[in-house]
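An overview of the molecular structure
Listed below, chain by chain, are the residues.
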Amino acid sequence: MLPYHTLQEAQAALGRGLTLPETIWFKYSADKPDFLLHCHNSLFLFLFYSIAPVPFLLMELSGNQKIHKHKIQPKVKRTFWEMFKCYKDVLHTFVIAVTPLQIISYPTIKWIGIRTGLSLPSGWELFWQILVYFVIEDYLGYWVHRMLHCKWAYEKIHKLHHEYSAPIGLSAPYAHWAEIIILGIPAFIGPILVPGHITTYWLWFILRQLEAIETHSGYDFPWSCTKFIPFYGGAAFHDYHHYVGEKSQSNFASVFTYCDYIYRTHKANINTSLRA
Ligand SMILES: [Zn+2]
Ligand SMILES: [Zn+2]
């Protein structure tokens, strides 16, 4: 909730006119409690999870050869009902783990100073903060994921995520509720260390989710813009981790590949296609 009642009050407080995004933000958020704005995050996670994997689902069902040749494990075919079951199971986990985790994190988010007011972050602030969040989450997530591959944790928790030896976009968050919570914690560490605006916080979780869906898509398109991101793992990199399964001791990182390089768990040739 903003401490101004009118646009004029907001302009007077800032000592300048509002930009168009700031005007939109003022009109949207001025009378909404901060807790409600915080809960938007769960809504966005649900919406983007429901929409972003649809193109991959349609590709899978279309059987189009031009698309099929980019599939990393082409021998594996999924039916609509298999993919729908995955969606249904993830929504269940979403209700019992993701949403409660988001809600109970509210006092922490308030305490660390995630702001909801004006001004909005600049493009540079947005870029650098989200880059820092990605790097921190990737480093901590690497070690958590590696620990999940010890015998006990794999059998009790991580095995469920590896049910998909050939992952699909919808299976990105398909995991035990405990894994969702354990792997969710590194995602909060970046915003805790470098707190920003709540719109940055929303965007961070949306981008992280889109990245996970693309990484689990099962397709490796040579024209993907992610190919230009230095040290970006991508679908072929993570697909190999799923393909090997329980015994996998490589390609643990979720976004970039630098941790696997540093700790020598990088599969030598990440572009080795599993198509053969
Ligand atoms: Zn794993
Ligand atoms: Zn995975």
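The name an unreviewed UniProt entry gives the protein chain is 19-cyclopropylsterol-4alpha-methyl oxidase, with Vigna unguiculata as the organism. Under the UniProt heading Subcellular location (unreviewed entry), the note attached to the protein chain is "Membrane". Word for word, the UniProt comment on the protein chain under Sequence similarities (unreviewed entry) is "Belongs to the sterol desaturase family."

**Section: the overall build of the protein chain**
When helices and strands are tallied, the protein chain shows 13 helices and zero strands. In sequence order, the protein chain lays out its α and β elements as α-α-α-α-α-α-α-α-α-α-α-α-α. Over its C-alpha atoms the protein chain spans a radius of gyration of 20 Å, differing by no more than 12% from the 19 Å that the globule rule assigns to 276 residues. Along the first, second and third principal axes, the C-alpha set of the protein chain runs to 65 × 40 × 35 Å. Excluding contacts between residues fewer than 6 apart, the proportion of contacts in the protein chain whose partners are at least 24 apart in sequence is 73%.

**Concerning helix 12 (residues 234–244)**
Counted residue by residue, helix 12 has nine buried out of 11 residues, so it is predominantly covered. Residues of helix 12 that are buried: G234, A235, A236, F237, H238, D239, Y240, H241 and H242. Structurally, helix 12 contributes buried residues whose contacts are with helix 11 (198–215). Positive phi appears at G245, one or two residues downstream of helix 12, with a value of about 75°.

Cut-offs and rules
- Residues numbered from 1 in each chain as written.
- Chains lettered and ligands numbered in written order.
- Predicted model: local features only at pLDDT ≥ 70, side-chain atom pairs only at ≥ 80, totals over all residues.
- UniProt positions renumbered as here; feature names shortened; annotations may be inferred.
- Helix = DSSP H or I, 4+ residues; strand = E, 2+ residues; numbered from the N terminus.
- Rg over C-alpha atoms; globule rule 2.2 N^0.38 Å.
- Contact = placed C-beta atoms within 7 Å.
- Buried ≥ 20, exposed ≤ 12 C-beta atoms within 10 Å, placed from the backbone.

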